[in-house]
Amino acid sequence: MMFLHVFRYRLLTLFRVKWCIGWNIAFPLVLATAFFLGFGNMIKDDPDAFSTVPVALVTESGSGSEFAKIVEECSKNSKDQLFELTVSDKKDSAVQLLKDKKVDGVYIDGEDPVLIVRENGMEQTILSEFLSEYKNSVNTMQNVIKTDPSKAGEASEMLSKDMELLKEKTFNGNSNASPYLQYFYALIAMTCLYGSWISTSLVENISANQSDRGARYEVAPVSKTVSITSGALAGLLFVFSAVLILMGYINFVLGIRLGDQALPMAAAAFLGSLTGVT
């Protein structure tokens, strides 16, 4: 009975302390709202959605080089289409398209292809990386041919393959989860760790050399074991409740789905709260 009595009043005390409510409940909710206002739409968008990059290709002759053929192949209408291609035989007209913002870049075909852009951005980075990969593949083939011409076929086959060195794993039931979700997961972890303040306050309140309340605990007819255990469990319940409130706010109020596996997430939240309090 004494344990339940102390536990009850410890829990009521935590819910009445302003800094506990502010830092453990209100502050995470404010941060979650700020994250949502900052990049909430990007979380709800499909992270795998991709639009083709408009690019102009200037060919010096009627028959393009190997690079021109590769660019044209990547511009064919298919699920893997990368470019929206405009072919021109004059550099000035292609550059004019770039100035009019009808294309994001201009490839100048030749023995050493060149890329012309007017600004920096994701599309320009894609064009630059595509050209760099082509040049690296050409240099690799040239070095192989110089070293051992018999290996040229094998090297060409290896370069043409898409090597997947990493295997995708999903833990929230959605393989298309936005990378921006990590900020909300970090926010939940931060809320769990805020439980350390509660455990620090608990120790101060039962230590006679730390506070007047601790001195009163020393002479109270309650064992230290009951005080510490009931206080720790009350703190654990308080922090776990704060984490569940935050997760419910993110899921149901902000409309950001954290995952389909409710029980494992609740178990992880409980372990995180336990870690923070202890």
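As shown above, the structure is provided for reference.
First, a word on scope: everything that follows refers to the structure included in this document. Given the structure is predicted, the values throughout are model-derived calculations rather than measurements. (Residues numbered from 1 in each chain as written. Predicted model: local features only at pLDDT ≥ 70, side-chain atom pairs only at ≥ 80, totals over all residues. Heavy atoms only, no water.)

### Examining the packing of helix α7 (residues 181-193) against helix α11 (residues 262-277)
In the contact formed by α7 and α11, the axes pass within 7 Å of each other and the chain directions differ by 40°. The angle between α7 and α11 places the two elements in the oblique class. Here Y185, C192 and L193 of α7 come into contact with α11, specifically with M265, A269, G272, S273 and G276. (Axes fitted to C-alpha atoms, helices over the stretch in contact; angles between N-to-C directions. Helix = DSSP H or I, 4+ residues; strand = E, 2+ residues; numbered from the N terminus. Parallel < 35°, antiparallel > 145°, perpendicular 65-115°, else oblique. Contact = heavy atoms within 4.5 Å.)

### Topic: the pattern of salt bridges
The full count for this structure, using the stated rule, is two salt bridges. Here D112 makes a salt bridge to K135, at a shortest N to O gap of 3.2 Å. Here D112, found in the loop between β3 (105-108) and β4 (114-116), pairs with K135, found in helix α5 (residues 122-147); they are 23 residues apart in sequence, far enough to count as distant. D112 sits in the exposed class, given a relative accessible area of 53%. (Salt bridge = Lys/Arg side-chain N within 4 Å of Asp/Glu carboxyl O. Buried < 20%, exposed > 50% of the residue type's maximum accessible area, 1.4 Å probe, protein only.)

### Some thoughts on the packing of aromatic side chains
Evaluation of the coordinates by the stated rule reveals 20 aromatic pairs. Between F3 and F7 the ring centres are 6.5 Å apart and the planes differ by 10°, which places this aromatic pair in the stacked class. Of the two residues, F3 and F7 are both situated in helix α1 (residues 2-16); the distance of four residues between them amounts to about one turn of the helix. Classification of F3 as partly exposed rests on a relative accessible area of 29%. Summarising the aromatic geometry, the rings of W23 and F27 are spaced 5.1 Å apart at their centres and angled 65° between planes, so their arrangement reads as edge-to-face. Pair noted here: W23 and F27 are both in helix α2 (residues 18-44), with a separation of four residues, about one helical turn. Exposure remark for F27: the relative accessible area of 29% places this residue in the partly exposed category. (Phe/Tyr/Trp six-rings, centres within 6.5 Å; stacked < 30°, edge-to-face > 60°.)

### Regarding the sheet that holds β3
As summarised here, the arrangement of the four strands in space is β2-β1-β3-β4, forming an open sheet in which the pairing is mixed. Edge positions in the open sheet fall to β2 (83-88) and β4, since each of these has one partner strand only. Averaged over neighbouring strand pairs, the angle between their axes works out to 25° when direction is ignored. As judged from the four bridges shared by strand β1 (residues 53-58) and β3, these two strands associate in the parallel manner. Within the sheet, the bridge partner assigned to V58 lies in β3 and is I108. (Pairing = 2+ DSSP bridges.)

### Focus: the nonpolar core
Within the largest apolar cluster, 30 residues are counted, with the highest numbers of intra-cluster contacts made by A32, F184, F238, V243, I250, I256 and L258. Counting only elements with at least two residues in this core, the list comes to α1, α2, α7, α10 (224-253) and α11. Among the elements that line this core, the one with the most residues is α10, at eleven residues. In contact with A32, other than residues within four places in its own chain, are F184, L187, L246, Y249, I250 and L254. Within the second largest apolar cluster, twelve residues are counted, among which are L57, F83, Y107 and L127. (Core = buried A, V, L, I, M, F, W, Y, C linked by side-chain atoms within 4.5 Å.)

### Thoughts on unusual backbone geometry
Its identity is not glycine, yet K101 carries a phi of approximately 60°, on the positive side. In this fold, K101 is placed in the loop between α4 (91-99) and β3. On the accessibility criterion, K101 (68% relative accessible area) is exposed.

### A few points about the packing of α7 against α10
Helix-helix packing is described using two parameters, namely the angle between the two axes and the distance between the axes. One way to put it is that α7 packs onto α10 with a least axis distance of 9 Å and a crossing angle of 160°. One way to sum up the angle between α7 and α10 is to call them roughly antiparallel. In this structure, α7 crosses over α10, and the sense of that crossing is right-handed. Only V239, A242, V243, L246, M247 and I250 of α10 make contact with α7, whose side of the interface consists of F184, L187, I188, T191 and C192. When its residues are assigned to classes, the contact of α7 with α10 shows ten nonpolar, one polar and no charged. (Left-handed = near helix turned anticlockwise from the far one by under 90°. Nonpolar A, V, L, I, M, F, W, Y, C, P; charged D, E, K, R; others polar.)

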